[in-house]
Amino acid sequence: MVLASVRAKRRSSMRIAIIGAGAVGGALARGWTRAGHDIVFGVSDPSAAKHAALRAQGFAVASNREAAGAASAIALAVPWAAIEDAVASLGDVAGKLILDATNPLAFGPDGLSLAIGFTDSGGEQVQRLASGASVFKTMNQVGYRVMDAATGYPTAPSMFVAGDDEGRKIEVMGLVADLGFEPLDCGGLRMARLLEPYAMVWINQVAVRGAPDTSAFALMHRR
Ligand SMILES: NC(=O)c1ccc[n+]([C@@H]2O[C@H](COP(=O)([O-])OP(=O)(O)OC[C@H]3O[C@@H](n4cnc5c(N)ncnc54)[C@H](OP(=O)(O)O)[C@@H]3O)[C@@H](O)[C@H]2O)c1
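Quick notes on the rules
Residues numbered from 1 in each chain as written. Predicted model: local features only at pLDDT ≥ 70, side-chain atom pairs only at ≥ 80, totals over all residues. Heavy atoms only, no water. Pairing = 2+ DSSP bridges. Helix = DSSP H or I, 4+ residues; strand = E, 2+ residues; numbered from the N terminus. Axes fitted to C-alpha atoms, helices over the stretch in contact; angles between N-to-C directions. Contact = heavy atoms within 4.5 Å. Near = heavy atom within 4 Å. Polar contact = N/O pair within 3.5 Å; in protein donor to acceptor, adjacent residues only side chain to side chain. Areas by Shrake-Rupley, 256 points an atom, 1.4 Å probe, with all protein chains shown as cover. Nonpolar A, V, L, I, M, F, W, Y, C, P; charged D, E, K, R; others polar.

**Student:** Tell me what's going on with the sheet that holds strand β10 (residues 182-187), and back it up with residues and numbers.
**Tutor:** Spatially, β3-β2-β1-β4-β5-β8-β9-β10 is the arrangement adopted by the eight strands of the open sheet, whose pairing is mixed. In this open sheet, the two strands that pair with only one neighbour each are β3 (60-63) and β10. Each strand axis lies, on average, 30° off the axis of its neighbour in the sheet, ignoring direction. Across four bridges, the pairing between strand β1 (residues 15-19) and strand β4 (residues 73-76) is parallel. Bridge pairing in β4 places I19 opposite L76. Contacts from helix α2 (residues 23-34) reach β1, β2 (38-43), β4 and β5 (97-100), with the element oriented near 165° to β2.

**Student:** For the site of the ligand, give the residues involved together with the corresponding values.
**Tutor:** Neighbouring the ligand are 26 residues; V24, K50, N64, V78 and Y144 lie closest to it. In the environment of the ligand, an oxygen atom lies 2.6 Å from a nitrogen or oxygen atom belonging to the side chain of K50. Within the backbone of V78, a nitrogen or oxygen atom sits 2.7 Å from an oxygen atom of the ligand. Calculation on the ligand without its partners gives an accessible area of 900 Å², and the protein chains cover 70% of this total. Going through the elements one at a time, α2, β2 and α7 (144-148) are the ones with two or more residues in the shell around the ligand. Its residues assigned to classes, the shell around the ligand comprises 16 nonpolar, nine polar and one charged.

Following this line, the structure appears as structure tokens:
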């Protein structure tokens with residue numbers, strides 16, 4: 001039902017800057033390209049030889065500032081340790097949509113854990129760094145292989161969206177739907193405090209308990 005209403009309000013194609021050309025960035029780029037969006041990757045060094053493969057696939061590759069400046073939506077797909085530099089390098093992001101797919105991961109005495117929690121979240125930190133932008137926490141909850149092709153499941157995998165800009169949330173829900181997920185409104189950005197630990201549940205299932213890395217979550221309703 002949610003998916004139908006998001007699709008009914010579908011907007012035209014967008015130019016999306018993906019900051020970070022790694023596993024998540026690549027999956028998002030392929031999915032959104034299939035949905036008709038125009039992708040530009042923001043990378044630390046656009047002249048690096050390693051980006052030739054992206055260009056060969058038809059993707060534009062630019063500095064973070066150029067990529068963000070040319071886009072109306074920006075997806076953050078960098079390691080948490082790089083988030084401060086990455087957001088600072090975007091330049092003026094006032095009025096832009098930012099989809100924050102990062103998880104504030106850190107290695108502690110018990111292995112992989114969250115560096116932030118309970119009274120703050122990575123998403124809220126990104127909002128503080130990205131003055132004037134509308135930041136949404138989403139696309140952080142499952143692995144990149146699900147993002148690459150959210151198909152073949154009995155029901156569309158769920159993807160929660162948390163953000164404070166209620167007026168623009170529908171655009172983000174549309175972008176999430178374009179990747180094949182059922183977007184679910186999770187409330188304001190402080191709900192990132194739940195969505196980041198929720199990602200740890202997926203990581204535990206896959207990295208520790210042997211679930212396939214294509215495993216996904218779905219909120220189901222009894223018929
Ligand atoms: N992997 C998953 O399945 C998954 C799922 C959900 C969420 N996440 C989150 O998504 C984020 C990315 O994960 P990933 O697995 O895609 O990591 P990854 O494969 O290591 O890719 C990260 C990319 O970010 C780039 N990068 C680093 N600093 C940058 C900067 N300042 N500007 C532009 N690009 C920069 C890196 O490029 P260089 O190598 O050139 O530094 C690399 O290409 C992380 O926060 C992770 O927690 C991951």
